[in-house]
Amino acid sequence: MIVFDQVQKSYQVAGRAIPALHPTNMTIETGEVFGIVGHSGAGKSTLVRLINLLEPATGGRILIDDEDITRYSAAELRAFRRKVGMIFQHFNLLSSKTVADNVAFPMKLAGIYSKAEIRSRVEELLARVSLSEHANKYPSQLSGGQKQRVGIARALACRPTILLCDEATSALDPQTTQSVLKLLGDINKELGLTVVLITHEMDVVRRVCDRVAVMDAGRVVEMGPVSEVFLHPQHPTTRDFVFESENIDRNELQEDLQKAEGRILRLTFKGESTYKPLLGSVARESGVDFSILSGRIDHIKDTPYGQLTLSLVGGDLEVAMQALEAADVHVEVVR
Amino acid sequence: MEALMETLMGNVDWAEIGWASWDTLVMVGMSLLFSVLIGLPIGVLLFLFGKRQLLEQPVAYAILSFVVNVLRSVPFIILLIVMIPFTVLLIGTSLGVAGAIPPVVAGGAPFFARLVETSLREVDRGIIEATQAMGANVRQIIFGALLPEALPGIIAGITVTAITLVSYAAMSGVIGGGGLGDLAIRFGYQRFQTDVMVITVALLVIFVQLLQMAGDRLVLYFSRK
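Worth saying up front: this structure is predicted, and the values here are computed from it rather than measured.

**Student:** Before we move on, could you go through the domain arrangement of chain A and cite the residues and values that matter?
**Tutor:** Residue and element names in this part refer to chain A. The domain architecture assigned to chain A consists of domain 1 (2-228) and domain 2 (259-333). Distance from the C-alpha centre of domain 1 to the C-alpha centre of domain 2: 40 Å. Taken together, the contact between domain 1 and domain 2 spans six residues of the former and five residues of the latter. Contributions of two or more residues to the side of domain 1 that touches domain 2 are made by α7 (202-208) and α8 (226-231). It is α7 that provides the largest number of residues to the side of domain 1 that touches domain 2, a total of three residues.

Right, dumping it as structure tokens:
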């Protein structure tokens, strides 16, 4: 469990303290995939580097499994860092070492593994990330997705309990992003390690994260289960991210809504209710006519969801809304 | 044919040229060795003490940087003369091949140190960060990541330094340093034997060409980017 207790970070610039992270409280549960989303400069990069103290905190306590890592000596901190894997946007592989030597590097640094142990662990990891046949190549001979898989294998070498992902998919194309995210999800499930992932793409959060924190200007402005935050965003920054990820042009949407007649409702289906043939029966029972203004059906991690914006005319609106809510559909009155 | 050679190169004593070439080789080789041995750690320290680097030490950096700059800003011909008492103290003489090595190193080591500092700065900061995140200490970061990553740059630096040392070693002929430079000054310049001058210059050009080619090959061999 990772606990932030009033953690803050500021930089000294020309004698003045510029805050990068305002005092923050946060708990990341063991074994979950926790997303941190924010625009560049929002402080998410600082936040993730506080977890292994690559950036020293200027205030507060950071508890990892009940131990305050801000009190660690230099040697204790180095030992702790071996239990925290990290992958990076630009992979940060050593260009002078082969794929196998890159994966072996953290184990060699630790100085507690025998040569045989290192060799068998490297083989095992390269097989896990499907790169066995590339063991003796140099990073420059690999594609971006392959490089990131080497990065993941390297991060896992010393069997960490926490994996930090710093914009791990931002330099990859959409297909490669998908395969890397799937790999991260699988590793999280297989090994039960805690994954902290920062990104500026809500889509990445939607695919793999259990919970998410949204950051803006050095503060966490919204935090909760991904389905909550994603389907019912509260803070303006969160709404921007959600709209962005759904490719919705807000002005266009407003215009469309203005043209529509009657009441406008936004319905959110989640889990089982997504697949029920609900709208037809509700329309028959309440006598309302509806037209669909916009809609989307997708998955949040493994849960299917649907979101529909409808305009309703005639009939008994109250009955319709009650019937929808009775079927576990979240109803929001837009107009 | 022989008559032609006699008129064109009448003053050239080939045995002398052979010995002088060997002396130059020894001077360049030995002073390159010491320049690297002394310059490499200084270059690494300059890098580590630098702004926003691993062991940021503004005062230590300023002192080290100042010493390096002083040695580099003194024209080599003057450094040769200034170094004479130190050289005598160090090895007992300021003459010959041995006497030339200390001043050449005094010129070469700071030059190489700056090249090392620059090539270390070229290493992606992300790699240092990743190595830190693995729990490496400073020594492990230097030997495990920084130096291997900067190796092609450092080899290129050694090549440039070696070529600079060829010209320094030749210049040491002025204070009686021996080698091709000494030959060029004593015979080519002072006795107006143009043929000797031409031969020594040609040999120096060939020597520099060979060094550059060997250096380029090594850089290519160690480059993985």
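**Student:** Got a sec to walk through the packing of helix α5 (residues 144-156) of chain A against helix α6 (residues 174-191) of chain A? Specific residues and values, please.
**Tutor:** All names here are of chain A. Where α5 meets α6, the axes come as close as 10 Å, and the angle between the chain directions of the two elements is 15°. When the interaxial angle is binned, α5 and α6 end up roughly parallel. Here α5 and α6 pass one another in a crossing that is right-handed. Contact residues: α5 offers Gly144, Gly145, Gln148, Arg149 and Ile152, while α6 offers Thr176, Ser179, Val180 and Leu183. Taken together, the residues of the contact of α5 with α6 break down into three nonpolar, five polar and one charged.

**Student:** Can you explain the UniProt feature "domain: ABC transmembrane type-1" (unreviewed entry) in chain B? Please cite residues and give values.
**Tutor:** The UniProt feature table records "domain: ABC transmembrane type-1" (unreviewed entry) at residues 21-212 of chain B. Counting secondary structure, residues 21-212 of chain B comes out at 83% helix and 0% strand; the distance between its end C-alpha atoms is 18 Å.

**Student:** So what about the environment of Arg284 of chain A? Which residues, and what values?
**Tutor:** By the secondary structure assignment, Arg284 of chain A is in helix α11 (residues 278-286). Spatially, the C-alpha atom of Arg284 of chain A lies 9.4 Å from that of Ala320 of chain A, the residues being 36 residues apart in sequence.

**Student:** Hey, could you go over the pairing of strand β9 (residues 211-216) of chain A for me, with residue numbers and the actual values?
**Tutor:** All names here are of chain A. Among the six residues that make up β9, six are buried, leaving the element largely enclosed by the rest of the structure. Along β9, one buried face is formed by Arg211, Ala213 and Met215 and the opposite face, lined by Val212, Val214 and Asp216, is buried too. Two strands pair when backbone bridges link them, and strand β3 (residues 33-38) and β9 are joined in this way by five bridges, in the parallel orientation. Counted as the bridge partner of Gly38 is Met215 from β9. Sheet analysis places β9 next to strand β10 (residues 219-225), joined by six bridges and oriented antiparallel. Bridge pairing in β10 places Asp216 opposite Arg219. Hairpin remark: β9 followed by β10, antiparallel, with two residues in the connecting loop; positive phi at Ala217, about 50°.

**Student:** Let's hear about the sheet that holds strand β12 (residues 289-300) of chain A: which residues, and what values?
**Tutor:** Residues and elements named next belong to chain A. Judged by pairing direction, the sheet is antiparallel, and its four strands sit side by side in the order β12-β13-β11-β14 without closing on themselves. The strands lining the two open edges of the sheet, one partner per strand, are β12 and β14 (330-333). Pairwise comparison of adjacent strand axes, ignoring direction, gives a mean angle of 15° for this sheet. Where helix α12 (residues 317-326) meets the sheet, its contacts fall on β11 (263-270), β13 (303-313) and β14, and the angle it forms with β14 comes to roughly 145°.

**Student:** Can you tell me about the sheet that holds β3 of chain A, naming the residues and giving the values?
**Tutor:** Residue and element names in this part refer to chain A. Across the sheet, six strands lie side by side as β6-β7-β8-β3-β9-β10; this open sheet has mixed pairing. Looking at the sheet topology across the chains shown, the edges are occupied by β6 (84-88) and β10. Neighbour-to-neighbour, the strand axes of this sheet turn through a mean angle of 15°, independent of strand direction. Packing against the sheet, helix α9 (residues 236-245) makes contact with β3, β9 and β10, and its axis sits at approximately 115° to β9.

**Student:** So what's going on with the nonpolar core? Residues and values would help.
**Tutor:** Buried together is how nonpolar side chains tend to be arranged in soluble globular proteins. Counting residues in each nonpolar core, the largest one holds 147 residues, and the members touching the most others are Val103, Cys165, Val196 and Leu197 of chain A. Looking at which domains feed residues into this core, each of domain 1 (2-228) and domain 2 (259-333) of chain A supplies at least three.

**Student:** Residues and numbers for the interface of chain A and chain B, please.
**Tutor:** Contacts between the two partners involve 19 residues from chain A and, on the opposite side, 19 residues from chain B. Sorting the residues of the side of chain A that touches chain B by element identifies α2 (74-81), β6 and α3 (99-110) of chain A as the ones contributing at least two each. Counting residues per element, the side of chain A that touches chain B draws most heavily on α3 of chain A, at four residues. When the residues that make up the side of chain A that touches chain B are grouped by side-chain class, the tally is ten nonpolar, six polar and three charged.

**Student:** Kindly report on the packing of α3 of chain A against α5 of chain A, identifying the contributing residues and their values.
**Tutor:** Residue and element names in this part refer to chain A. In the contact formed by α3 and α5, the axes pass within 7 Å of each other and the chain directions differ by 30°. Our classification of the angle between α3 and α5 gives roughly parallel. Note on packing geometry: the crossing formed by α3 with α5 is right-handed. Where α3 abuts α5, its residues Val99, Asn102, Val103, Phe105 and Pro106 lie against Val150, Ala153 and Arg154. Of the residues assigned to the contact of α3 with α5, the class counts are six nonpolar, one polar and one charged.

**Student:** Talk me through the UniProt feature "coiled-coil region" (unreviewed entry) in chain A; I want residue IDs and the actual numbers.
**Tutor:** Per the UniProt record, "coiled-coil region" (unreviewed entry) is annotated on residues 243-270 of chain A. The span residues 243-270 of chain A carries 46% helix and 29% strand; its end-to-end C-alpha distance comes to 18 Å.

**Student:** Describe in detail the confidence of the model for chain B, supporting the description with residues and values.
**Tutor:** Residue and element names in this part refer to chain B. Residues at a pLDDT of 70 or more form 98% of chain B, whose mean pLDDT is 90. When pLDDT is averaged over each helix and strand of chain B, the minimum, 69, is found for helix α1 (residues 2-8) and the maximum, 96, for helix α7 (residues 125-133). For this predicted complex, the interface score ipTM comes out at 0.86, alongside a pTM of 0.87.

**Student:** Pulling in residues and values, what's your account of the UniProt feature "transmembrane region" (unreviewed entry) in chain B?
**Tutor:** Residues and elements named next belong to chain B. This chain's UniProt record puts "transmembrane region" (unreviewed entry) on residues 25-49, 61-84, 90-113, 150-176 and 196-215. Counted over residues 61-84, helix gives 88% and strand 0%. Its end C-alpha atoms are 28 Å apart. Split by type, residues 196-215 is 100% helix and 0% strand. Its first and last C-alpha atoms lie 29 Å apart.

Definitions and limits used
- Residues numbered from 1 in each chain as written.
- Chains lettered and ligands numbered in written order.
- Predicted model: local features only at pLDDT ≥ 70, side-chain atom pairs only at ≥ 80, totals over all residues.
- Domains from an automatic or database assignment.
- Contact = placed C-beta atoms within 7 Å.
- Helix = DSSP H or I, 4+ residues; strand = E, 2+ residues; numbered from the N terminus.
- Axes fitted to C-alpha atoms, helices over the stretch in contact; angles between N-to-C directions.
- Parallel < 35°, antiparallel > 145°, perpendicular 65-115°, else oblique.
- Left-handed = near helix turned anticlockwise from the far one by under 90°.
- Nonpolar A, V, L, I, M, F, W, Y, C, P; charged D, E, K, R; others polar.
- UniProt positions renumbered as here; feature names shortened; annotations may be inferred.
- Buried ≥ 20, exposed ≤ 12 C-beta atoms within 10 Å, placed from the backbone.
- Pairing = 2+ DSSP bridges.
- Core = buried A, V, L, I, M, F, W, Y, C linked by C-beta atoms within 7 Å.
- pLDDT = per-residue confidence, 0-100.

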